[in-house]
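Next come the chains, spelled out residue by residue.
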Amino acid sequence: MSFRKYLVLVALVLFASFGDVALSHGMKRIGAISAARWTELFTAVLDPWVALGILLLLGFFASYLAALSWSDLTYVLPATSFGYVLLALLSVWLLHEKVTLTRWVGILLVSGGVAIVTQGPALTRRRDREAETELKTNPARNQP
Amino acid sequence: MRELYTWSAIAGIVLSSTAGDVLLSRAMRQIGHVGDLWRRQGLRAVLKAIVTHPSFLVALACMAVSFFGLLLALSWADVSLVIPATASLTYVTNALAARLFLHEHVDRRRWISALLVCAGVAVLAV
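Below is a short write-up of the structure. For clarity, every value in this text was computed on a predicted model and none was experimentally measured.

### Quick notes on the overall build of chain B
The secondary structure content of chain B amounts to six helices and zero strands. Secondary structure elements in chain B, listed N-terminal to C-terminal, are α-α-α-α-α-α. Viewed in the frame of its principal axes, chain B has a C-alpha envelope of about 55 × 35 × 25 Å. Out of the 126 residues in chain B, the part that is buried amounts to 42%.

If you want it as structure tokens, here you go:
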């Protein structure tokens, strides 16, 4: 993985987290939309915060597609789950929410998962696949 | 009875969002490194390759199904059940589906990582 590709993953996480925060802030400003007046959902996009959120989430989708073009799905998904940690930290700094012990446990678990997956290769090479089929047919020749 | 509805909706959301992610990944793998394509043929070629790819279009449909499933589930059950359940289960189903359909090399490291993230997301979202 080159430095540039890591930057795309970081951008992906930032776009997703800040996009969610912007959307949520905008929708809270607008207030609850009742089922009977569901067409108000369409005017919600005119709110500057909601519009910003949508723009950021478009940025997220673009970087997600780019990341998937050179990395495995089982690499991109866990690696970018760091966004959950970022969201929890943002809610403390920006929204002054309290982080309970269970949330710290969650943050630790997700961070552990991210740390583990990013130590490994980002893309399945043909060699890995062959090694795996060989492992199935001939378990005695176990590889480290 | 309502519980059965809720869990069926959760299963539906998990399946459709996994199908969406796997198809998206397949489309992008077939299109190849978008940075290279952009340098060679420009941004318009990248966009055209993506939006005309059949897997991408089916993936979008799957994501739409999953989004409306989410709205439906949220009308039946609490957000504190639906969001953690769907968000965390998709990490496991994605690992299974990536191995089965995309033939990704899901080794022990990736399994442990998917399970840790799954558990962490469930705890965080409660």
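Once the structure has been displayed, the description carries forward.
### Description of the nonpolar core
Ranked by size, the top nonpolar core spans 56 residues in total, and within it L12, A67 and V110 of chain A together with V121 of chain B carry the most contacts. Ranked by residues supplied to this core, first place goes to helix α1 (residues 3-30) of chain A with ten residues. Once residues within four sequence positions are removed from consideration, A67 of chain A is found in contact with V8, L9, L12 and V76 of chain A.

### Some details on the packing of helix α1 (residues 2-31) of chain B against helix α5 (residues 79-101) of chain B
Residues and elements named next belong to chain B. Where α1 contacts α5, the axes come no closer than 8 Å and their chain directions differ by 45°. Here α1 is positioned oblique relative to α5, judged by the angle of their axes. When you trace α1 past α5, the crossing you get is right-handed. Between α1, through I10, I13, V14, S17, T18, D21 and V22, and α5, the contact on the second element is made entirely by V82, A85, T86, L89, T90, T93, N94, A97, A98 and F101. Residues that form the contact of α1 with α5 fall into these classes: ten nonpolar, six polar and one charged.

### Focus: the interface of chain B and chain A
A common way to report how large an interface is uses the accessible area buried once the components associate. Contact residues are listed per partner, giving 32 residues for chain B and 30 residues for chain A. For the side of chain B that touches chain A, the secondary-structure elements that each account for two or more residues are α1, α5 and α6 (108-125) of chain B. Examining the composition of the side of chain B that touches chain A, we find that twelve residues originate from one element, α6 of chain B, more than from any other. For the side of chain B that touches chain A, the per-class residue count stands at 20 nonpolar, eight polar and four charged.

### Here we look at α1 of chain A
Residue and element names in this part refer to chain A. Its 28 residues place the ends of α1 40 Å apart at the C-alpha level, agreeing with the 40 Å of an ideal helix rising 1.5 Å per residue. When we look at burial in α1, the residues that qualify are V8, L9, L12, V13, F15, A16, S17, F18, G19, V21, A22 and L23. Looking at the buried positions of α1, the neighbouring elements they touch are α3 (48-70), α4 (73-80) and α5 (82-93). Taken from the residues just after α1, G31 is the one with a positive phi, measuring 95°.

### A closer look at unusual backbone geometry
All names here are of chain B. Non-glycine residue H103 carries a positive phi angle of around 55°. Structurally, H103 is set in the loop between α5 and α6. By the C-beta count within 10 Å, which is 14 here, H103 ends up partly exposed.

Basis of the calculations
- Residues numbered from 1 in each chain as written.
- Chains lettered and ligands numbered in written order.
- Predicted model: local features only at pLDDT ≥ 70, side-chain atom pairs only at ≥ 80, totals over all residues.
- Helix = DSSP H or I, 4+ residues; strand = E, 2+ residues; numbered from the N terminus.
- Buried ≥ 20, exposed ≤ 12 C-beta atoms within 10 Å, placed from the backbone.
- Core = buried A, V, L, I, M, F, W, Y, C linked by C-beta atoms within 7 Å.
- Contact = placed C-beta atoms within 7 Å.
- Axes fitted to C-alpha atoms, helices over the stretch in contact; angles between N-to-C directions.
- Parallel < 35°, antiparallel > 145°, perpendicular 65-115°, else oblique.
- Left-handed = near helix turned anticlockwise from the far one by under 90°.
- Nonpolar A, V, L, I, M, F, W, Y, C, P; charged D, E, K, R; others polar.
- Expected span 1.5 Å × (residues − 1).

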